[in-house]
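# A look at the structure
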Amino acid sequence: MTDPEKNRLLDDIDADLAAAGAVLPALPAGSRRAVTAAHGLFSQLSSRLRATPAETLLRARVRVPDGEKLVIALSAAMGSAGWRR
């Protein structure tokens, strides 16, 4: 995998995340917070993947640290998107 290939894949993923983010407010209240948390986690993972060279992705795991996951989950539970930077 090359950096341009990685970026093309992430561009597609980010476009899907943007489309999903636009309709989050329309979800039923019972599922909105959980889906918002998942959306936040995948958005953060995408950002981390984009910042990682493609060569590194082939041999190392990229993850969202537990502390950031907690912040994302708590923000979603409180109905806030304040975790975004």
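Note: the structure precedes this text.
Notes on the structure follow. (Residues numbered from 1 in each chain as written. Predicted model: local features only at pLDDT ≥ 70, side-chain atom pairs only at ≥ 80, totals over all residues. Heavy atoms only, no water.)

In this section: the packing of helix H1 (residues 3–23) against helix H2 (residues 29–51). Each pair of packed helices can be summarised by the angle the axes make with each other and by the distance between the axes. Interhelical geometry of H1 versus H2 gives an angle of 160° and a closest axis separation of 10 Å. By the angle between their axes, H1 is roughly antiparallel relative to H2. Of the two possible hands of crossing, H1 and H2 adopt the one that is left-handed. Of the residues in H2, those touching H1 at Lys 6, Asn 7, Leu 10, Asp 11, Ile 13, Asp 14, Leu 17, Ala 20 and Gly 21 are His 39, Phe 42, Ser 43, Ser 46, Leu 49 and Arg 50. Along the lines of polarity and charge, the residues of the contact of H1 with H2 split into six nonpolar, five polar and four charged. (Axes fitted to C-alpha atoms, helices over the stretch in contact; angles between N-to-C directions. Helix = DSSP H or I, 4+ residues; strand = E, 2+ residues; numbered from the N terminus. Parallel < 35°, antiparallel > 145°, perpendicular 65-115°, else oblique. Left-handed = near helix turned anticlockwise from the far one by under 90°. Contact = heavy atoms within 4.5 Å. Nonpolar A, V, L, I, M, F, W, Y, C, P; charged D, E, K, R; others polar.)

The full count for this structure, using the stated rule, is seven salt bridges. Lys 69 is the salt-bridge partner of Asp 66, the closest N and O atoms lying 3.8 Å from each other. Here Asp 66 pairs with Lys 69, and both are found in helix H4 (residues 66–77), just three residues apart, close to one helical turn. Each member of the salt-bridge network shares a partner with another, and the members are Asp 11, Asp 14 and Arg 50. (Salt bridge = Lys/Arg side-chain N within 4 Å of Asp/Glu carboxyl O.)

Purely geometric stuff here, so don't read any function into it on its own.
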